[in-house]
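# Tertiary structure, described
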Amino acid sequence: MNAVILPLLAALATAPTVAAATCELDHAQRLMEQQPRPTAQIDALLDQCRAAGSNDYRVDLLAGVLARDGGRLSDAVAALTRSHEQAPGELAPTLELAVTYEFQQRPEQARALYLQVLQSDPASRPARLGLARVARQQYRPDEAEAIYRELLSADPDDQEAQTGMAMVALQQRRYDDARGRLQTLQAAHPDDPEVQAGQAALALGWRYRLDLAAGREDLAPGESNRAVAQLEIAANARDSFNVRYEHNDRELASQNPLDPSVLPSNSGRVSWLRRVPGQHFWEIAYEYRQYETAQDAQRIELNLGHRLGGKVQGFAGLRQQFGAASQHDRLWHVGLSVPTSERTYATLIGYYAQPDFGDNSTTYVANLTYERDRLQLTGGVGYGTDPDNFITHVQGVWPLPHRQAITFAIEHRSLGNEIEALLGWRLEWQ
């Protein structure tokens, strides 16, 4: 996302003047236009204005833009909020504060400010572009596309609107459309960072993902070999469908309290997931489990999650088994996902199992995940009560060229000394 930094000299031409001998704010304003920007010199001039007791809203405005460009988003919001409060009728502080909210992944606040600007100036191009970016951030690409089309109808050469249309096509997984638009933009603007980011996203984008894996379960009663095939179809920016088939060559009972039922000879699972990354998701799934030595069983699942604040996300779910006369196991879970660094996040999950036979049990699991581009590595530990059960597991996706990857997962449970392991291959295409 490109920041919409207004041409401050033009936008603030009507700003109040201050005594040059005590506060060279106009000079600081001009220095903001230089590249590279002399940040230290501008900071010194702004300190001079504060010392002189200036109440010009531009002091906090310039300080807020500097803080945002330096990655200090909380400081930027504080300064730009003060500037906006000092001059509520000025559009520049409102727009810069809205852009900063975008950087903070707070689209609701940014949207409110852009709408405020449009009440004063219905034709404001920065506000309309901001609304379109917010719509993309909230995964409402149709709304963004309508705004870009209006801007292009007024000016077919509007580069930001052209780039926005390409990014909407990319978000909607219309890859041929996105590719054509990005190639045209790259030829005309090879150094545009948003076009370059779009090309990078296009190279990694996929609509179909196929996972094939084979593995083995060493359970208390014996060993069973397993084969798994899974196809995920990303229908659009929000919705994806998942179909999974699993085969086990032996129907063995596990002592795992989270899933104590017998391994099925064959099982099929279908699910529909609606997800707005960083905001919320919900998923509904159905599974059919076929047995040679017992009555077939069915399962339904409902999973959902929502951002609680900042980048912390809460989630919960229920899995209910039915169909088999003696298998009505139920499993609840609730958890939190918390970022721990730019590329890592921790996940804490509590499970409550209600098996058809045996006592209810509780299990707690803590995971740490590292992600970088297509690489994903997760390690975790868990502890279950009634009976005691210590769990350790590792899983990951190791990327290969041409949208391929190696997948792997291994888990050990102290209860029954059980081990599950899978090794697989992933293929993605558009």
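Residues numbered from 1 in each chain as written. Predicted model: local features only at pLDDT ≥ 70, side-chain atom pairs only at ≥ 80, totals over all residues. Heavy atoms only, no water.

Another aspect to go through is the overall build of the protein chain. In terms of helices and strands, the protein chain carries twelve helices and 14 strands. For the protein chain, the spread of C-alpha atoms along the three principal axes comes to 90 × 45 × 35 Å. Of the roughly 21,100 Å² of accessible surface on the protein chain, 56% is carried by carbon and sulfur atoms. Placing the 41 positive and 55 negative side-chain charges of the protein chain at their respective mean positions leaves the two points 2 Å apart. (Helix = DSSP H or I, 4+ residues; strand = E, 2+ residues; numbered from the N terminus. Areas by Shrake-Rupley, 256 points an atom, 1.4 Å probe, with all protein chains shown as cover. Lys, Arg positive; Asp, Glu negative; His and termini not counted. Charge placed at Lys NZ, Arg CZ, Asp CG, Glu CD.)

For the rest of this paragraph, the subject is a nonpolar patch on the surface. A cluster of nonpolar side chains, namely Leu212, Leu377, Trp398, Leu400, Ile406, Leu423 and Trp425, defines an oily patch on the protein surface of about 590 Å² accessible area. Looking at the nonpolar patch, the elements with two or more residues in it are strand 12 (389-400) and strand 14 (418-429). Structurally, Leu377 can be placed in strand 11 (residues 375-385). Take Leu377: its relative accessible area is 30%, and that puts it in the partly exposed class. (Patch = residues over 30% accessible without salt bridge, like charges linked within 9 Å, V, L, I, M, F, W, Y side chains within 5 Å. Salt bridge = Lys/Arg side-chain N within 4 Å of Asp/Glu carboxyl O. Buried < 20%, exposed > 50% of the residue type's maximum accessible area, 1.4 Å probe, protein only.)

A cis geometry characterises the amide bond from Gln35 onward to Pro36, with omega recorded as 0°. Its place among the elements puts Pro36 in the loop between helix 2 (25-31) and helix 3 (39-51). You will see that Arg403, though not glycine, has its phi angle at about 55°, which is positive. Tracing the chain through its elements places Arg403 in the loop between strand 12 and strand 13 (404-413). Backbone geometry places Asn417, a non-glycine residue, at a positive phi of 50°. Mapped onto the fold, Asn417 is located in the loop between strand 13 and strand 14.

This next bit is on the confidence of the model for the protein chain. Per-residue confidence for the protein chain gives a mean pLDDT of 91; residues scoring 70 or more make up 94%. Across the protein chain, the secondary-structure element scoring lowest on mean pLDDT is helix 1 (residues 8-11), at 46, and the one scoring highest is strand 3 (residues 239-248), at 98. When the criterion is pLDDT under 50, residues 5-10 qualifies, and its contacts beyond four places in sequence or with other chains add up to 18 contacts. (pLDDT = per-residue confidence, 0-100. Contact = heavy atoms within 4.5 Å.)

In total, this model carries 37 salt bridges according to the counting rule given. Here Arg216 ties to Asp218 by a salt bridge, and the two come within 2.8 Å at their closest N and O atoms. Assessed through its relative accessible area of 41%, Arg216 is described here as partly exposed. Shared partners join several salt bridges into a network, and the residues in it are Glu145, Arg149, Arg174, Asp177 and Arg181.

The subject of this paragraph is the state of the cysteines. Tallied over the full model, the rule gives one disulfide. Note on cysteine connectivity: Cys23 is disulfide-linked to Cys49, with sulfurs 1.8 Å apart. The disulfide joining Cys23 to Cys49 has a torsion of about 90° about its S-S bond and is therefore right-handed. One end of the pair, Cys23, is in the loop between helix 1 and helix 2; the other, Cys49, is in helix 3, with 26 residues separating them in the sequence. Neither residue differs from the other here; Cys23 and Cys49 are each classed as buried. (Disulfide = S-S within 2.5 Å.)

This part covers the side chain of Thr369. Residue placement: Thr369 occurs in strand 10 (residues 361-372). On the basis of relative accessible area, Thr369 is assigned to the buried category, the value being 4%. Of the polar contacts made by the side chain of Thr369, one reaches the side chain of Thr378; its length is 2.9 Å. Thr369 has contacts with Arg343, Thr344, Tyr345, Gln376, Leu377 and Thr378, leaving out every residue within four places of it along the chain. (Polar contact = N/O pair within 3.5 Å; in protein donor to acceptor, adjacent residues only side chain to side chain.)

Going residue by residue along strand 1 (residues 208-219), you find Arg209, Asp211, Ala213, Gly215, Glu217 and Leu219 tucked away on one face and Tyr208, Leu210, Leu212, Ala214, Arg216 and Asp218 left uncovered on the opposite face. Bridge analysis of strand 1 against strand 14 gives eleven bridges, and the strand direction is antiparallel. Bridged to Ala213 within strand 14 is Gly424. Both strand 1 and strand 2 (residues 222-234) contribute to a ladder of twelve bridges, which runs antiparallel. Residue pairing in the sheet places Leu219 in a bridge with Gly222 of strand 2. (Pairing = 2+ DSSP bridges.)

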